[in-house]
Amino acid sequence: MNFKVTPNNLTRLEKIFGEAKYELRFEKGTFNSGYCVLEHKKVVVVNKFLNLEGRINTLLDILGSMELDESVLTPESLKLYKQIVENRNTADAADEESTPPSPEQPSEN
């Protein structure tokens, strides 16, 4: 998905978390991936030192890997969320096709 890096798009992503009842925080911390998700508390903590592009990419990664209750999202947010998930699934499928078979797996030849 070609997602433009704009403050408005960051706000749209933040809105999805709010509608899904997740608390989104931008804080200082030592995160290996730039974020931490506490599923049982519905808290997402993102490194506050990330620039706009980093914040958007991080939120896209998080949303692509989460399963949200779609019934609580507004139609606009639901459409964006479905695009993110769909894009993530097609990217994962493309990665699987380009990965050579591991030595444990017999080849098809």
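Small disclaimer: the values here were computed from a predicted structure and weren't measured. Think of each chain on its own: its residues are numbered from 1, step by step along the sequence as written. Two thresholds apply to this predicted model, a pLDDT of at least 70 for residue-level local features and 80 or more for giving and counting side-chain atom pairs, whereas whole-chain, interface and lining totals are computed over all residues. Water and hydrogen atoms play no part in the side-chain values, which are based on all heavy atoms of the structure.

(A) The side chain of N9, seen in detail. Relative to the helices and strands, N9 resides in helix α1 (residues 7-19). On the accessibility criterion, N9 (8% relative accessible area) is buried. Polar contacts, as used here, are pairs of N or O atoms within 3.5 Å; protein pairs need one atom able to donate a hydrogen and one able to accept it. Residues neighboring in sequence count only if both atoms are side-chain atoms. Separated by 2.8 Å, the side chain of N9 and the backbone oxygen of K4 make a polar contact. When near neighbours in sequence (up to four residues on either side) are disregarded, N9 contacts F3, K4 and I56. Strands here are runs of E lasting at least two residues and helices are runs of H or I lasting at least four, both read from the DSSP assignment and numbered beginning at the N terminus. When accessible area is computed with a 1.4 Å probe and restricted to protein chains, residues below 20% of their type maximum are described as buried, those above 50% as exposed, and intermediate ones as partly exposed. Whether two residues are in contact is decided by their heavy atoms: any pair within 4.5 Å suffices.

(B) Molecular detail of the confidence of the model for the chain. Every residue gets a pLDDT, meaning the predictor's confidence in that residue, from 0 to 100. In the predicted model, the chain carries a mean pLDDT of 86, and 88% of its residues have values of at least 70. Predicted confidence in the chain is weakest over helix α3 (residues 75-98), with a mean pLDDT of 84, and strongest over α1, with 96.

(C) Region of the structure containing the packing of aromatic side chains. Note on aromatic pairs: the rings of Phe, Tyr and Trp (six-membered ring only in Trp) are paired at centre separations within 6.5 Å, and the planes decide the class, stacked below 30 degrees, edge-to-face beyond 60, tilted for the rest. Following the criterion strictly, the structure yields one aromatic pair and no others. Their ring planes at 80° and their centres at 6.5 Å tell us that F17 and Y22 sit as a pair that is edge-to-face. The class for Y22 is buried, based on a relative accessible area of 9%. Criterion for a charge above a ring: Arg CZ or Lys NZ at most 6 Å from the ring centre, at most 35 degrees from the ring normal. Its end group placed over the ring of F26, R55 keeps NZ or CZ at 4.3 Å from the ring centre.

(D) Expanded view of the packing of α1 against helix α2 (residues 52-65). One way to put it is that α1 packs onto α2 with a least axis distance of 10 Å and a crossing angle of 30°. Here the hand of the crossing between α1 and α2 comes out left-handed. Contacts between α1 and α2 involve P7, N9, L10, L13, E14, I16 and F17 from the first element and L52, R55, I56, L59, L60, I62 and L63 from the second. Classification convention: Asp, Glu, Lys, Arg as charged; Ala, Val, Leu, Ile, Met, Phe, Trp, Tyr, Cys, Pro as nonpolar; all other residues, Gly among them, as polar. A per-class count over the contact of α1 with α2 returns eleven nonpolar, one polar and two charged. With axes taken as lines fitted to C-alpha atoms, and helix axes fitted only over the stretch in contact, angles between N-to-C directions fall between 0 and 180 degrees. For a crossing to be left-handed, the near helix must be turned anticlockwise from the far one by less than a right angle; the clockwise case is right-handed.

(E) Structural view of the sheet that holds strand β1 (residues 23-27). By definition, two strands form a pair when at least two bridges between them are found by DSSP. Sheet architecture is open: three strands sit in the order β1-β3-β2, paired in mixed fashion. Of all the strands in the sheet, the pair left with one neighbour each is β1 and β2 (35-38). When strand polarity is set aside, the average angle formed by the axes of neighbouring strands in this sheet is 15°.

(F) Highlighting the nonpolar core. The term nonpolar core refers to a set of buried residues drawn from Ala, Val, Leu, Ile, Met, Phe, Trp, Tyr and Cys, joined through side-chain atoms within 4.5 Å. Counting 20 residues, the largest nonpolar core has L13, F17, L63 and L68 as the members making the most contacts within it. At the level of elements, α1, β3 (43-47), α2 and α3 are the ones that each hand at least two residues to this core. Looking at this core element by element, the count peaks at five residues for α2. Once residues within four sequence positions are removed from consideration, L63 is found in contact with L13, I16, F17, L68, Y81, I84 and V85.

(G) The arrangement of the pattern of salt bridges in detail. Salt bridges, as used here, are contacts in which a Lys or Arg side-chain nitrogen is within 4 Å of a carboxyl oxygen on Asp or Glu. Summed over all chains, the structure comprises four salt bridges. As a salt-bridge pair, E76 and R12 come within 3.9 Å of each other at their nearest N and O atoms. With E76 in helix α3 and R12 in helix α1, this residue pair connects regions lying 64 residues apart in the sequence. Classification of R12 by relative accessible area gives partly exposed; the value is 26%. Beyond isolated ion pairs, a larger network of salt bridges with shared partners links E23, R25 and E27.

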